[in-house]
Amino acid sequence: MPKKKSSQNSGKKLSTDPYKGVRDFYPEDMYIENYLFETMRDVVEHFGYEEYATSLLEPSELFEGKTSEEIVREQTYSFVDRGDRRVTLRPEMTPSVARLVAAQKRNLAFPLRWYTIANVFRYERPQRGRLREHFQLNCDLFGVKSTEGDVEIILLAYELMRAFGATESEFEIRINHRAVIPETLALLAKEHGATLPQQKQGELIRLMDRRDKMKAEPYAEAMRDLLGEELSKIVLLHYKPSAIRKLIAQTNAGQELLDVLETLDRRGIQNIVHDPHLVRGFDYYSGTIFEVFDTAATNKRSLFGGGRYDNLLELFGAEPLPTVGFGMGDVTLRDFLETHNLLPEYTSPIDLYLGVTSPAMFSFAAQLAQRLRRHDLTVAVDLTGKKVGDQIKTASRKKVPFVCIVGEDEEESGMYRLKHLASKKEYVVPEGQVADVIFETLE
Ligand code: HAM
């Protein structure tokens, strides 16, 4: 009788590919990922940042109030749950952390320095540096109004890059100020005898945000469509760093931007530039904004960024709270480190691999391993019963530094031949010295 096919899988083999735009982490990838996360934790905790976490599921309206139209309209993973609630897989952490702070505002000791390393989801077209799931280090400083807060956050971003081994010439920190952009645009128009209508400002800034992603001609055309011939010409020709720098001091918010730039300069940070075209897509930014860029010709792109957002807590009916922070993604960071040869080489978590001469010796080998682990060694036993030569090959493929074959001779003599695979050196020692020899060699 022919076998009945399952209705769910009608005999077709399942693909082993992950879902489009997300990653699987095999152990060697996980090694890198852990290196990124451990380095991040080390740096931010030295700055006094405390860790928090939230669920990746949030009510959809959290992201619909004041984030980014593009993300909400085109990039969220949203669904209706079995209780008819609209739910979204978080596309970023900022609304969630604002929710946490608003909920406990009275009980928290400000200023707060908080961080999380969280996975976020965006339905984007997968490409280099852009995936549908990535991990983000988020650092946010709540309750500091002075530009010293902005400076601390930018310095933290800088120190993270340095901790990953980057030199100042390998990355650049571009800085701007959200409130300065419309003010300088208006002043520039005035200088050239024109007026920038208030109602066009928002759209103009959104267009500027897309500038890096567009070719020059379509950008100029979109500008002409929005502002008309005369005004678009003024913006296209004269909205340049040198001209804008002169106007900053005349704006209300300009002093903040100048303070940030000058303070960072005084602190000796050389790779800072003012970029008048830097916008950052989210609607909640209200002050300083910044983005870290790779300077390598082969990877000239934004790595991560953030800024000041003093009004987000209003979403929850709370008083405004001065806040500044950033999100650093693992995908762009990894690409950067690869480009600059800064990724660490994989090393196995196993110090010692015990090969076993025959299945009859498995129990002896397992007990030996257990005793050695008490000396803080990481030890794995080969329980396959394969030929000894193949067991050594396995250790080598796993990049384990030390291998030792265990059999009746070793049980009888109590002496062990440790082989360091990289140097091919051998050490014959009693059990009590195994850990010492390995630690001395690996140091
Ligand atoms: P964002 O610029 O949208 O800002 O994301 C922060 C970083 O996450 C990006 O610069 C990039 O490193 C990474 N990233 C974003 N989207 C993707 C993607 N599709 N694939 C890979 N990596 C990606 C925010 O999310 C703000 N909430 C950051 C913030 C925190 N501002 C203040 N506090």
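Residues numbered from 1 in each chain as written. Predicted model: local features only at pLDDT ≥ 70, side-chain atom pairs only at ≥ 80, totals over all residues. Heavy atoms only, no water.

(A) How the structure looks around the nonpolar core. Ranked by size, the top nonpolar core spans 91 residues in total, and within it Leu137, Ile175, Phe326 and Met328 carry the most contacts. A total of nine residues in this core trace back to one element, the largest contributor, which is helix H5 (residues 147-163). Discounting residues that sit within four places of it in the chain, Leu137 has contacts with Met40, Val44, Tyr115, Thr116, Ile117, Leu160, Phe326, Gly327 and Met328. Ranked by size, the runner-up nonpolar core spans 22 residues in total, among them Phe364, Ala365, Leu418 and Ile438. (Core = buried A, V, L, I, M, F, W, Y, C linked by side-chain atoms within 4.5 Å. Buried < 20%, exposed > 50% of the residue type's maximum accessible area, 1.4 Å probe, protein only. Helix = DSSP H or I, 4+ residues; strand = E, 2+ residues; numbered from the N terminus. Contact = heavy atoms within 4.5 Å.)

(B) Representation of the site of the ligand within the structure. As a matter of local geometry, the ligand sits amid 26 residues, with Glu92, Thr94, Glu124, Tyr285 and Leu303 nearest to it. The contact in question runs from an oxygen atom of the ligand to an N or O atom on the side chain of Arg122, over 2.9 Å. The contact in question runs from a nitrogen atom of the ligand to an N or O atom on the side chain of His134, over 3.1 Å. In isolation the ligand offers 650 Å² of accessible surface; the protein chains occlude 96% of this area. (Near = heavy atom within 4 Å. Polar contact = N/O pair within 3.5 Å; in protein donor to acceptor, adjacent residues only side chain to side chain. Areas by Shrake-Rupley, 256 points an atom, 1.4 Å probe, with all protein chains shown as cover.)

(C) Region of the structure containing the domain arrangement of the chain. Taken domain by domain, the chain holds domain 1 (27-179 + 253-339) and domain 2 (352-442). The C-alpha-based centres of domain 1 and domain 2 are spaced at 46 Å. (Domains from an automatic or database assignment.)

(D) Main features of unusual backbone geometry. The omega torsion of the bond from Phe110 to Pro111 falls at 5 degrees, within 30 degrees of zero and hence cis. Positioned with a positive phi, Lys399 is a non-glycine residue whose angle comes to about 60 degrees. The residue Lys399 is located in the loop between helix H13 (388-397) and strand S14 (402-406) in this model. What makes Lys399 partly exposed here is its relative accessible area of 43%. If you check the backbone angles, Lys424 has positive phi at about 65 degrees while not being a glycine. Looking at the secondary structure, you find Lys424 in the loop between strand S15 (415-420) and strand S16 (426-430).

(E) A look at the sheet that holds strand S1 (residues 50-51). Ordered by their spatial adjacency, eight strands build an open sheet running S1-S5-S6-S11-S10-S9-S7-S8, and the pairing between neighbours is mixed. Each of the sheet's edge strands pairs with one partner strand only, and the pair in question is S1 and strand S8 (272-274). Across ten bridges, strand S5 (residues 112-121) lies against strand S6 (residues 133-142) in antiparallel orientation. What sits directly across from Ala118, in S6, is Gln136. Together, S6, strand S7 (171-177), strand S9 (288-294), strand S10 (302-308) and strand S11 (323-329) form the strand contacts of helix H11 (residues 330-339), whose direction differs from that of S11 by roughly 60 degrees. (Pairing = 2+ DSSP bridges. Axes fitted to C-alpha atoms, helices over the stretch in contact; angles between N-to-C directions.)

(F) Up close: the sheet that holds strand S3 (residues 77-80). With antiparallel pairing, three strands are arranged side by side in an open sheet as S2-S4-S3. Looking along the sheet, the strands with just one partner apiece sit at the ends: strand S2 (57-59) and S3. Averaged over all pairs of adjacent strands, the angle between their axes in this sheet comes to 35 degrees, without regard to strand direction. Taken together, the four bridges between S3 and strand S4 (residues 86-89) define a ladder with antiparallel strand orientation.

(G) Expanded view of a negative patch on the surface. Together, Glu408, Asp409, Glu411 and Glu412 make up a region of like negative charge exposed at the surface. A residue is classified by how much of its surface remains accessible, and Glu412, at 73% relative accessible area, is exposed. (Patch = residues over 30% accessible without salt bridge, like charges linked within 9 Å, V, L, I, M, F, W, Y side chains within 5 Å. Salt bridge = Lys/Arg side-chain N within 4 Å of Asp/Glu carboxyl O. Lys, Arg positive; Asp, Glu negative; His and termini not counted. Charge placed at Lys NZ, Arg CZ, Asp CG, Glu CD.)

(H) Structural detail: the packing of aromatic side chains. Scanning all chains against the criterion turns up 16 aromatic pairs. Relative to Tyr285, the ring of Phe282 has its centre 6.1 Å away and its plane inclined at 70 degrees; by these criteria the two rings are edge-to-face. Here Phe282 matches Tyr285 in class, with each residue buried. On the numbers, 5.6 Å between centres and 45 degrees between planes, the contact of Phe304 with Phe326 is tilted. Taken as a pair, Phe304 in strand S10 and Phe326 in strand S11 lie far apart in primary sequence, 22 residues in all. For Phe326, a relative accessible area of 2% puts it in the buried group. Aromatic rings pair up to connect Phe282, Tyr284, Tyr285 and Tyr309 into one cluster. Looking at Arg132, its charged tip hangs above the ring of Tyr123, at a distance of 3.8 Å from the centre. (Phe/Tyr/Trp six-rings, centres within 6.5 Å; stacked < 30°, edge-to-face > 60°. Lys NZ or Arg CZ within 6 Å of the ring centre and 35° of its normal.)

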